[in-house]
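What the coordinates show
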Amino acid sequence: MKTGFAHLFIPGPTNIPEDVRQAMNVPMQDMRAPDFGDLTKPLFAGLKRVFKTETGRIFMYPSSGTGAWEAAITNTLNPGDKVLMSRFGQFSHLWVDMAERLGLDVHVIDCEWGTGVPLDAYARVLEADRTHAIKAVFATQNETATGVTSDVAAVRRVLDAAGHPAMLFVDGVSSIGSIDFRMDEWGVDLAVAGSQKGFMLPAGLSMLGVSQRALEASKTATMKRCYFDFVDMMKVNDDGYFPYTPPTQLFHGLKASLARIEREGLENVFARHYRLAEGVRRAVDAWGLRLCAKGPEWQSDTVSAIMVPEGIDARNVIRAGYAKYSISFGTGLSKVMGKVFRIGHLGDLNEGMCLTALSLAEMSLRDAGCRVDLGSGVGAAQAWYLEAQETAAARQAAE
């Protein structure tokens, strides 16, 4: 018999704060009531602030982030359109797979897993595209499978330097609300997010930011769509309603999670994610292990994919943690299955929780046959967290 509570350190679904969980514990209500918009209209406004867009529009779909991927493609592109994509992890791979299955002509650049969007390669392809045959450029901001973050602002600079008019699509499912994202400033046309990551909710609600340019493109796009059609949503969204049954309880949870984000301050949320992630990274270094991310420029502040030594199966680390210590780590996916285990450090999280994850990871690694010094990673993270606190206190005193 297990006692206590289970520790969840997968990179999504993330832990749900108690006030958010309780906010969803409400009776069902009339989704056609005259005051339903009092609940939903502020959510659209709050999401625009998180996406950092004043000119764009937000759609919410009862789906995982994959649904918003499909909505973005089918509403703005045509069958046979040429698009530029890169593949460097399981989720960027799945996005490529969707684009191909929906009938797009995909120019895909395969990259080493542990790296991200290949800016130089994108630049060469876009500069060579003199006729502007490429209609969209896709970028996965945070590849959850490998713990890699790419530079979306730099993708925009590449497009601008080439004078290329292609739309910019961004997968921000495991980044928006946790890592800096600036839809308007970076000229992002379509941005996808999901409820189960930085928004600290159950899975089942996707958010899609759409620029005015993408909305214009949707007027002439000929891909078949029904459930995800922008037109159906726009007919009723402005009044706070939806063309089909919405996930009302998730809306109540989103109201509470947006309030938490705004109380903390979005920039403080980003700083906290960096601080906590850096503690995990220093622990990995102290263990003598390395991240899947090939360099500091790629390291994610929402998830660390930790490589295990040759001869060790990362799945045994995960099994030991789950069976013995009631903790869930993320498994390796596809090419890195058995080679990495992942610690998700996003959403509702603090230093104590990260230290718990690290201490149980040390024991799980030992159980799997990996020689790490107990306390080494925890101690390195503790030293960093203390240093970060002292630096923040000194900065506040100077102000």
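Here, every reference points to the structure presented above.
Residues numbered from 1 in each chain as written. Predicted model: local features only at pLDDT ≥ 70, side-chain atom pairs only at ≥ 80, totals over all residues. Heavy atoms only, no water.

Observations concerning the sheet that holds strand S9 (residues 190–194)
Put simply, the test is: Strands are treated as partners if at least two bridges between them are detected by DSSP. In this description a helix means any DSSP run of H or I spanning at least four residues, a strand means any run of E spanning at least two, and both kinds are numbered starting from the N terminus. Angles run from 0 to 180 degrees between N-to-C directions of axes, and those axes are lines fitted to C-alpha atoms, restricted for helices to the stretch in contact. Throughout, a contact is declared for two residues whenever any of their heavy atoms are within 4.5 Å.
Read from one edge to the other, the open sheet built from 7 strands follows the order S2-S10-S9-S8-S5-S3-S4, with strand pairing classed as mixed. Each edge of the open sheet is held by one strand with a lone partner, namely strand S2 (57–61) and strand S4 (105–110). Going from strand to strand, the sheet's axes swing by 20° on average, the running direction of each strand aside. In this fold helix H2 (residues 37–51) packs onto S2, S9 and strand S10 (206–210), with an angle of close to 115° to the strand it touches most, S2. Its contacts with the sheet place helix H4 (residues 90–101) against strand S3 (82–87), S4, strand S5 (134–140) and strand S8 (167–171), and it is angled at close to 155° to S3.

Things to note about the packing of aromatic side chains
Formally: Only rings of Phe, Tyr and Trp enter the pairing, Trp through its six-membered ring, and a pair is recorded when the two centres are within 6.5 Å. The plane angle decides the type: under 30 degrees is stacked, over 60 is edge-to-face, the rest tilted. Exposure classes here rest on a 1.4 Å probe applied to the protein chains alone. A residue is buried below 20% of its type maximum, exposed above 50%, and partly exposed in between.
This structure, assessed with the given rule, holds 15 aromatic pairs. When the centroid spacing of 4.4 Å and the interplanar angle of 20° are considered together, the rings of Phe-138 and Phe-169 count as stacked. Here Phe-138, found in strand S5, pairs with Phe-169, found in strand S8; they are 31 residues apart in sequence, far enough to count as distant. For the residue pair Phe-138 and Phe-169, the accessibility class agrees, reading buried in each case. Measuring from centroid to centroid gives 4.5 Å for Tyr-227 and Tyr-244, while their planes differ by 5°, and the two rings are stacked. Here Tyr-227 is found in the loop between helix H7 (212–218) and helix H8 (230–237), whereas its partner Tyr-244 is found in the loop between H8 and helix H9 (248–264), with 17 residues between them in sequence.

Concerning the pairing of S4
Operational definition: Every crossover in which the path from the first strand over the helix to the second runs clockwise, viewed with the strands pointing away from the viewer, is termed right-handed.
Relative to S4, S3 runs parallel, the two being bridged by 6 bridges. Residue pairing for S4: Arg-87 is matched across the bridge by Asp-110. Traced from S3 through H4 to S4, the parallel crossover comes out right-handed.

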